[in-house]
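# Notes for the structure review
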Amino acid sequence: MLEYISIIITAIFVNNIVFAQFLGICPFIGVSRKLSSAVGMGAAVTFVMLLATAITWLLQDLVLTPFGLGFMQTIVFILVIAALVQMLEIILKKIAPVLYSALGVFLPLITTNCAVLGVAITVVQKGMNLGESIVYAFATAVGFTMAIAIFAGIREQLAWTSVPKAMRGVPIAMICAGLLAMAFMGFSGIKIG
Amino acid sequence: MNDKLKILFNGIIAENPTFVLMLGMCPTLGTTGSALNGMSMGLATMAVLICSNVVISLIKNFVPSKVRIPAYIVVIAAFVSVLQLVMEAYVPSLYATLGIFIPLIVVNCIVLGRAEAFASRHGVLDSCLDGIGIGLGFTIALTLLGAVREFLGTGKIFDLTIYPEQFGSLVFVLAPGAFIALGLLIALFSKLRAKSC
């Protein structure tokens, strides 16, 4: 039990996917102008990341490793993720139209979200078992959602401030992200178990 | 000849992937702890970009437009796998330093973006030049960011000591410095561009 708690705390705070690992920066910058869309993106990422990690872990364990096809990892994983996102879009449209209209616009963007592929590869590299992988994927996604939600809140305020012309838009957002990352550095050193 | 040069330089200044298009931010932030790492990442991406641009412009007439994106992704992923194996064999220490960002070239928006926006509409030579131009623009941006961070953080550029290390502020080598240095560089770049236009 303690390992799982340790994985969760580490993935959310200490080794935050955005601020410490630099993955998923594109949606982090691109979809963080409004708090509501940021939360929507976070939810969509959580959903896809959980499924993608579970499926790619099983594929790696049952197909790639036993048949010595480790070098195919990159190709297989990205195809699985792309197919998964497509399928999710179709399935959600049919069975959960409310959820689809909430997540819909964000789903196609997730294929090229490097956080999803990044987590899928990381769990294999770290040699986690299936349970740990799923917990890690979930906690990482929660960390991502938290980061993008905090950032969107800051950017909503930032839109009303007067910033020098050259700094408007992305540059000032980057610097805010830097300050946020500095705050997150305060968590480094936390250890459980 | 002139428009060939234009394609080449387009990627370096007018459509610089990092400072203007703002694509591929993850490796930009994640691998620029030093100038050398930034440059290696840029060159690795450039290699994949040139190969995938050439192949995609060759196959563009055979691929049905409905499945073109998955087809492009497979081409890109194939070249990334080749690059992974080559780097693991010949420069294992660099491969270990850049770590997860090498396989993640697959999802680098620059590569797929150029495939869709340029290579699928132009000939082989132009696509190759576009790959070189955009790749160089990306490499220059990463090297610059890496050099700035290394200089401010440790007082070195390409491991050459400029001033003693204890005067550097370590934060620029760590995560927050990546965001701050990149934000300032983008601001500087857009200021310079606005002046020259």
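Structural notes, computed from the coordinates. The structure displayed is predicted, hence computed values, not measured ones.

A few words on the packing of helix α8 (residues 130-158) of chain A against helix α9 (residues 170-185) of chain A. All names here are of chain A. Remark: α8 packs on α9, axes separated minimally by 11 Å, with the N-to-C direction vectors making an angle of 135°. Relative to α9, the element α8 lies oblique. Crossing of α8 over α9 shows right-handed handedness. The segment α8 lies against α9, with Met146, Ile150, Phe151, Ile154, Arg155 and Leu158 engaging Ile172, Ala173, Cys176, Ala177, Leu180 and Phe184. The residue makeup of the contact of α8 with α9, split by class, is eleven nonpolar, no polar and one charged.

Next up on the list: the interface of chain A and chain B. At the junction of the two partners, chain A supplies 31 residues and chain B supplies 36 residues. The contact between chain A and chain B buries some 2,800 Å² in all, and 87% of this surface belongs to carbon and sulfur atoms. When the area that chain A buries against chain B is broken down by residue, the three leading residues are A:Phe22, A:Thr74 and A:Met174, summing to 22%. The tally of links between chain A and chain B comes to zero salt bridges. For the pair chain A and chain B, the number of links is one residue pair in polar contact (both at pLDDT 80 or more). Mapped onto the side of chain A that touches chain B, the elements with two or more residues apiece are α2 (25-30), α4 (73-95), α7 (114-125) and α9 of chain A. With nine residues, the top contributor of residues to the side of chain A that touches chain B is α9(A). By residue class, the composition of the side of chain A that touches chain B is 23 nonpolar, eight polar and no charged.

Taken together, the side chains of A:Lys165, A:Arg168, B:Lys191 and B:Lys195 define a basic patch exposed on the protein surface. Tracing the backbone shows B:Lys195 in helix α8 (residues 175-196). On the accessibility criterion, B:Lys195 (69% relative accessible area) is exposed.

Turning our attention to the layout of surface pockets. Here the largest pocket is characterised by a volume of approximately 320 Å³. Lining the largest pocket are 18 residues, and of these A:Ala20, A:Gln21, B:Leu98, B:Ile100 and B:Phe101 sit closest to its centre. Listing elements by their share of the lining of the largest pocket, those giving two or more residues are α7 of chain A together with α5 (92-98) of chain B.

This next bit is on the nonpolar core. In terms of nonpolar packing, the biggest core is built from 110 residues, with A:Phe19, A:Phe28, A:Leu117, B:Ile102, B:Ile105 and B:Phe179 touching the most fellow members. If we ignore the near neighbours within four places in the chain, the residues touching A:Leu117 are A:Phe77, A:Ile78, A:Ile81, B:Pro103, B:Leu104, B:Val106 and B:Val107.

What follows deals with the environment of A:Tyr136. All names here are of chain A. Positionally, Tyr136 belongs in helix α8. Residue classification places Tyr136 among the buried residues on the basis of a relative accessible area of 6%. C-alpha of Tyr136 to C-alpha of Cys114: the two residues are 22 residues apart in sequence and 16 Å apart in space. Contact partners of Tyr136, with chain neighbours within four places excluded, come to Ile7, Ala11, Gln21, Val119, Thr122, Val123, Lys126 and Met128.

Another point: empty space enclosed by the protein. Counted according to the given criterion, the structure contains two cavities of 30 Å³ or more. Looking at the largest cavity, it is lined by 14 residues, and the ones nearest its centre are A:Cys114, B:Cys26, B:Pro27, B:Leu104 and B:Asn108. Per-element accounting of the lining of the largest cavity gives the leading share, three residues, to helix α2 (residues 25-30) of chain B. Looking at the lining of the largest cavity residue by residue, the class counts come to eleven nonpolar, three polar and no charged. Within this model, the second largest cavity holds a volume of roughly 30 Å³. Looking at the lining of the second largest cavity residue by residue, the classes come out as five nonpolar, two polar and no charged.

Here we take up the packing of aromatic side chains. Throughout the structure, instances matching the rule amount to nine aromatic pairs over all chains. Between A:Phe22 and B:Phe179, the ring centres sit 5.7 Å apart and the planes meet at 45°, which makes this aromatic pair tilted. A residue pair is termed interchain when its members come from two chains, as with A:Phe22 in the loop between α1 (2-14) and α2 and B:Phe179 in helix α8. Judged by relative accessible area, A:Phe22 falls into the buried class, the value being 7%. The exposure class of B:Phe179 is buried, given its relative accessible area of 0%. Considering the side-chain rings of B:Phe19 and B:Phe189, the 4.8 Å spacing of their centres and the 35° angle between planes classify their relative orientation as tilted. Placement of B:Phe19 in the loop between α1 (2-10) and α2 and of B:Phe189 in helix α8 is noted, with a sequence separation of 170 residues between them. Of the aromatic side chains, those joined through ring pairs into one cluster are A:Phe13, A:Phe19, A:Phe22, A:Phe28, A:Phe151, A:Phe184, A:Phe187 and B:Phe179.

Conventions used here
Residues numbered from 1 in each chain as written. Chains lettered and ligands numbered in written order. Predicted model: local features only at pLDDT ≥ 70, side-chain atom pairs only at ≥ 80, totals over all residues. Heavy atoms only, no water. Axes fitted to C-alpha atoms, helices over the stretch in contact; angles between N-to-C directions. Helix = DSSP H or I, 4+ residues; strand = E, 2+ residues; numbered from the N terminus. Parallel < 35°, antiparallel > 145°, perpendicular 65-115°, else oblique. Left-handed = near helix turned anticlockwise from the far one by under 90°. Contact = heavy atoms within 4.5 Å. Nonpolar A, V, L, I, M, F, W, Y, C, P; charged D, E, K, R; others polar. Buried area = accessible area lost by both parts, 1.4 Å probe. Salt bridge = Lys/Arg side-chain N within 4 Å of Asp/Glu carboxyl O. Polar contact = N/O pair within 3.5 Å; in protein donor to acceptor, adjacent residues only side chain to side chain. Patch = residues over 30% accessible without salt bridge, like charges linked within 9 Å, V, L, I, M, F, W, Y side chains within 5 Å. Areas by Shrake-Rupley, 256 points an atom, 1.4 Å probe, with all protein chains shown as cover. Lys, Arg positive; Asp, Glu negative; His and termini not counted. Charge placed at Lys NZ, Arg CZ, Asp CG, Glu CD. Buried < 20%, exposed > 50% of the residue type's maximum accessible area, 1.4 Å probe, protein only. 1 Å grid on protein atoms, 1.4 Å probe; cavity = no way out; pocket = protein on both sides within 12 Å on 5 of 7 lines; lining within 4 Å. Points joined across faces, edges and corners; volume = space filled by probe spheres on them. Core = buried A, V, L, I, M, F, W, Y, C linked by side-chain atoms within 4.5 Å. Phe/Tyr/Trp six-rings, centres within 6.5 Å; stacked < 30°, edge-to-face > 60°.

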